[in-house]
Amino acid sequence: MKIYHRPKHTTPLPAGRGQGRVCRAGVGLFFLLSLLFTACGAPKGEFRLEGHFLKMNQAEFYVYSPDGVINGIDTIHLAGGRFTYEIPCTDEGTLMIVFPNFSEHPVFAESGTSVSLNGDASHLKELSAEGTEANKLISGFRLQTADASPVETRKLAQQFIENNPRSIAAVYLFQKYYIQEAEPDISQGTRLLEILRKSQPDNLSVSRIETLFGIKKASSVGQSLPNFSANGMNGQTVSRSSLAGSYAVVSTFSSWNYESQEQQRQLSRIARRSQGRLRLLSVSLDANRSECKRVVSRDTLSHPVVCDQLMFDSPLLATFGLQTIPDNIIIDKNGKIIAHGLNTEDLKKRLNELLK
């Protein structure tokens, strides 16, 4: 069962804290040691993230990790435009910062390092993350692609992976553009994955995305829905046979992602109008059932909802080839996957066409 992990500090330390009674003769040494400590980053076994935002005084950010740096979801509190967030960290990994507008920003954590996140709240795409090479690289990529088209962005992601195959940032971009994408270039992904494997042979994250990419290929459009069995929150058992004979949508959502919640509401409306011709199965990526229940009750979701509290480690995600929030697959009456990863508007349009 996943648990919530809370950071050691989520607000700035008061000015002067920790100085105590320092004699004048020791003041210079004290500040020299402070500067040396700051330059070396966080203590070994820990990771520190500091932030400074213009045009944003107070706010709450969510943070989660797709590869296990933290369990569950943390909350970062911004006060006076600043925050400090510290966590235990022994292995390199990725943190996803979720801002109030539901946009996300990756931060790469390493043991004994400190990263600063700075920017203007009105231009979150131009945030700068400094402190480690991987964060510097991803900040440059975000700036480079801020105004690029989707096609240009995918090309730049490919070039980034080719040029920086030893970086964790390259692993992140591979997952974003070759696993989370609805219909990635499988042949190109296979080639890039081989480059990553040779460059980072001992990286468990590379082994993980290799497994996910294999599932992605197996659950792509045209493939049959795999066998599965799961228990819904209302006690019902859901399986491939329970979705057979009708069009069906399997999708993901969470209590902390607005877009996914809106997608659930739209799916629920279409299913009610379909008079049984559309069946739904939703997988909640919440870390606890109470948050999922709140959304289900508020939005009156009557279809089966599974919340195994495993978030991105849920085996159902691997079964269906779902990798992000929101994500979805459409299954036809014969159990074939006919669409994957549609946005809400395209999903509504496709279902309305199928259900005419």
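Now for a quick tour of the structure. Quick caveat: nothing in here was measured; it's all calculated off a predicted structure. (Residues numbered from 1 in each chain as written. Predicted model: local features only at pLDDT ≥ 70, side-chain atom pairs only at ≥ 80, totals over all residues. Heavy atoms only, no water.)

## As for the overall build of the protein chain
A count of helices and strands for the protein chain gives 11 helices and 15 strands. Looking at the protein chain residue by residue over its 356 residues, the buried ones come to 50%. Within the protein chain, counting contacts between residues at least 6 apart in sequence, those at least 24 apart form 63% of the total. Of the accessible surface of the protein chain, which amounts to about 17,300 Å², a share of 50% is contributed by carbon and sulfur atoms. (Helix = DSSP H or I, 4+ residues; strand = E, 2+ residues; numbered from the N terminus. Buried < 20%, exposed > 50% of the residue type's maximum accessible area, 1.4 Å probe, protein only. Contact = heavy atoms within 4.5 Å. Areas by Shrake-Rupley, 256 points an atom, 1.4 Å probe, with all protein chains shown as cover.)

## Remarks on the sheet that holds strand β6 (residues 104–109)
Read from one edge of the open sheet, four strands run β3-β2-β5-β6, paired in antiparallel fashion. Looking at which strands have only one partner, the edges of the open sheet turn out to be β3 (74–78) and β6. Looking at each pair of strands side by side, their axes are set apart by 30° on average, direction ignored. Where strand β2 (residues 59–64) meets strand β5 (residues 93–98), three bridges bridge the pair, whose relative direction is antiparallel. Directly across from Val63, in β5, lies its bridge partner Ile97. (Pairing = 2+ DSSP bridges. Axes fitted to C-alpha atoms, helices over the stretch in contact; angles between N-to-C directions.)

## Describing the side chain of Ser284
Its place among the elements puts Ser284 in strand β12 (residues 278–284). Sequence-distant contacts of Ser284, defined by excluding residues within four places in its chain, comprise Phe253, Cys292, Val305, Val306 and Cys307.

## With respect to the environment of Ala271
If you trace the backbone, Ala271 turns up in helix α8 (residues 258–273). Considered as a pair, Ala271 and Tyr247 are 24 residues apart in the sequence and their alpha carbons are 10.0 Å apart. Contacts of Ala271, omitting those with residues within four sequence positions, involve Gly276, Leu278 and Leu280.

## A look at the pattern of salt bridges
This structure, assessed with the given rule, holds 12 salt bridges. With a shortest N-O distance of 3.1 Å, Arg265 and Glu262 are connected by a salt bridge. One end of the pair is Arg265 and the other is Glu262, both in helix α8 and three residues apart, which spans about a single turn. A salt bridge links Glu345 to Lys348, with the shortest nitrogen-to-oxygen separation between them at 3.6 Å. Taken together, the residues span about one helical turn, with Glu345 and Lys348 both in helix α11 (residues 344–354) at a distance of three residues. Through salt bridges with shared partners, a single network forms among Glu194, Arg197, Lys198 and Glu210. (Salt bridge = Lys/Arg side-chain N within 4 Å of Asp/Glu carboxyl O.)

Note that all results are geometric; they support no functional claim without further evidence.
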